[in-house]
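# Survey of secondary and tertiary structure
Read off the chains here:
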Amino acid sequence: MTGTDRAGGANGPAGRGGTGGTGSTGGASVPGKPGKPGPTPVPASEPFWAAARRGELLLQRCRGCGRHQHYPRVLCAHCWSEDLEWVRAGGRARVWTYTVVHRPGHPAWAEDVPYLLAIVELAEGPRLLTNLVRVDPAEAYVGMAVRAEFAPRGDTALVRFAPDV
Ligand SMILES: [Zn+2]
């Protein structure tokens with residue numbers, strides 16, 4: 001899509017709903033190779049990324065209706081309450097859907113293919129877009145039990161999931 005744009009901005013593939021923000025890319029890598037764009041925390045998501053740096057998975061929970069949500073928002077997606085708290089999630093999930101990527105949308109991932117992009121359903125309920133790691137693509141399946149792990153990336157860490165053995 002935007003693969004030839006080498007202008008300084010280096011923003012990654014679009015996030016959800018125009019969260020804005022600038023900078024904070026994957027940073028320097030091998031000269032001549034594109035760096036991997038990293039997460040761009042915004043005020044609503046900063047606690048999530050700060051926790052990931054510490055190796056913790058946090059979710060928002062609504063004090064009004066008691067439900068968890070992800071991605072982070074300023075309102076409860078279920079009842080619109082603003083009374084949200086951050087709680088630690090257990091990290092256990094099941095693969096809800098996945099795809100095997102052979103042609104990445106950004107050249108920085110060219111050497112990683114094939115890799116698994118997945119939506120997992122956390123035990124607490126919310127679903128999360130992520131990567132599956134240490135899974136042979138031929139052996140992935142919907143319903144597979146997986147567990148969160150954290151991969152440092154720049155100032156934060158990416159949340160990935162590996163088989164829960
Ligand atoms: Zn609620």
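This structure is a prediction, so every number in the text was calculated from the model and none was measured. Along each chain, residue indices are assigned from 1 in the same order as the chain's sequence is written. Residues qualify for local features only when their pLDDT is at least 70, as the model is predicted, and side-chain atom pairs are given and counted only at 80 or more; totals for whole chains, interfaces and linings, by contrast, use all residues.

## With respect to the overall build of the chain
Basically, it comes down to this: Elements are defined by DSSP. Helices are runs of H or I of four residues or more, strands are runs of E of two residues or more, and each kind is numbered from the N terminus. Here a residue counts as buried when 20 or more other C-beta atoms sit within 10 Å of its C-beta, as exposed when there are 12 or fewer, and as partly exposed otherwise, the C-beta atoms being derived from the backbone. Two residues qualify as being in contact provided that their C-beta atoms, derived from the backbone, are within 7 Å of each other.
Helix and strand content of the chain: 1 helix and 8 strands. The helix and strand sequence of the chain, counted from the amino end, reads α-β-β-β-β-β-β-β-β. The burial tally for the chain puts 21% of its 165 residues in the buried class. Considering only contacts in the chain between residues 6 or more positions apart, those separated by 24 or more positions represent 52%.

## Details of the environment of Ile119
Looking at the secondary structure, you find Ile119 in strand β5 (residues 115-122). With 12 residues separating them along the chain, Ile119 and Asn131 place their C-alpha atoms 8.1 Å apart.

## Digging into the nonpolar core
The following threshold applies: Joining buried Ala, Val, Leu, Ile, Met, Phe, Trp, Tyr and Cys residues through C-beta atoms within 7 Å gives a set, and that set is a nonpolar core.
Counting residues in hydrophobic clusters, the biggest one holds 22 residues, and the most contacted among them are Val120 and Leu132. Every element with two or more residues in this core is listed here: α1 (46-53), β1 (58-62), β4 (92-101), β5, β7 (145-153) and β8 (156-163). Not counting the four nearest positions on each side in its chain, Val120 is found in contact with Ala93, Arg94, Val95, Trp96, Arg127, Leu128, Thr130, Val146 and Phe161.

## Some remarks on the sheet that holds strand β3 (residues 84-88)
To keep it simple, the criterion reads: Whether two strands pair depends on DSSP finding at least two bridges between them.
Strand order in the open sheet formed by 3 strands is β2-β1-β3, with antiparallel pairing between adjacent strands. Edge positions in the sheet fall to β2 (68-69) and β3, since each has one partner strand and no second. Where β1 lies against β2, 2 bridges are found, and the strand directions are antiparallel. In the sheet register, Arg61 faces β2, and the bridge partner there is His68.

## Observations concerning the confidence of the model for the chain
Cut-off, in case you're wondering: Each residue gets a pLDDT score, which is the predictor's confidence in that residue and runs from 0 to 100.
Per-residue confidence for the chain gives a mean pLDDT of 85; residues scoring 70 or more make up 81%. Across residues 1-28, confidence stays below pLDDT 50; counting only partners more than four residues off in sequence or on other chains, it has 33 contacts.

## Concerning unusual backbone geometry
A cis amide bond links His70 to the next residue, Tyr71, at an omega of 10 degrees. Looking at where Tyr71 falls in the secondary structure, it is placed in the loop between β2 and β3. Look at the link from Val113 to Pro114: it is a cis peptide, with omega at -5 degrees. Inspection of the secondary structure assignment puts Pro114 in the loop between β4 and β5.

## Thoughts on α1
Short version of the rule: The arc in question is the one traced by the directions running from the helix axis out to the C-beta atoms.
For α1, the full list of buried residues reads Phe48, Trp49, Ala51 and Ala52. Summarising the axial view, the buried residues of α1 lie within an arc of 160 degrees, below the 170-degree limit, and thus occupy one face. The inward-facing, buried residues of α1 contact β1, β7 and β8. Looking one or two residues beyond α1, the residue adopting positive phi is Gly55, at roughly 80 degrees.

## Thoughts on the pairing of β5
Residues of β5 alternate between two faces, with Leu116, Ala118, Val120 and Leu122 buried on one and Tyr115, Leu117, Ile119 and Glu121 left unburied on the opposite face. Bridging between β5 and strand β6 (residues 127-132) involves 6 bridges; their strand directions are antiparallel. Across the sheet, residue Ile119 finds its bridge partner in β6, namely Leu129. Connecting β5 to the next strand, β6, in antiparallel fashion are 4 residues, including Gly125 with a positive phi near 120 degrees.

## Points about the environment of Asp136
Tracing the chain through its elements places Asp136 in the loop between β6 and β7. Taking the C-alpha atoms as reference points, Asp136 and Leu116, 20 residues apart in sequence, are found 8.9 Å from one another.

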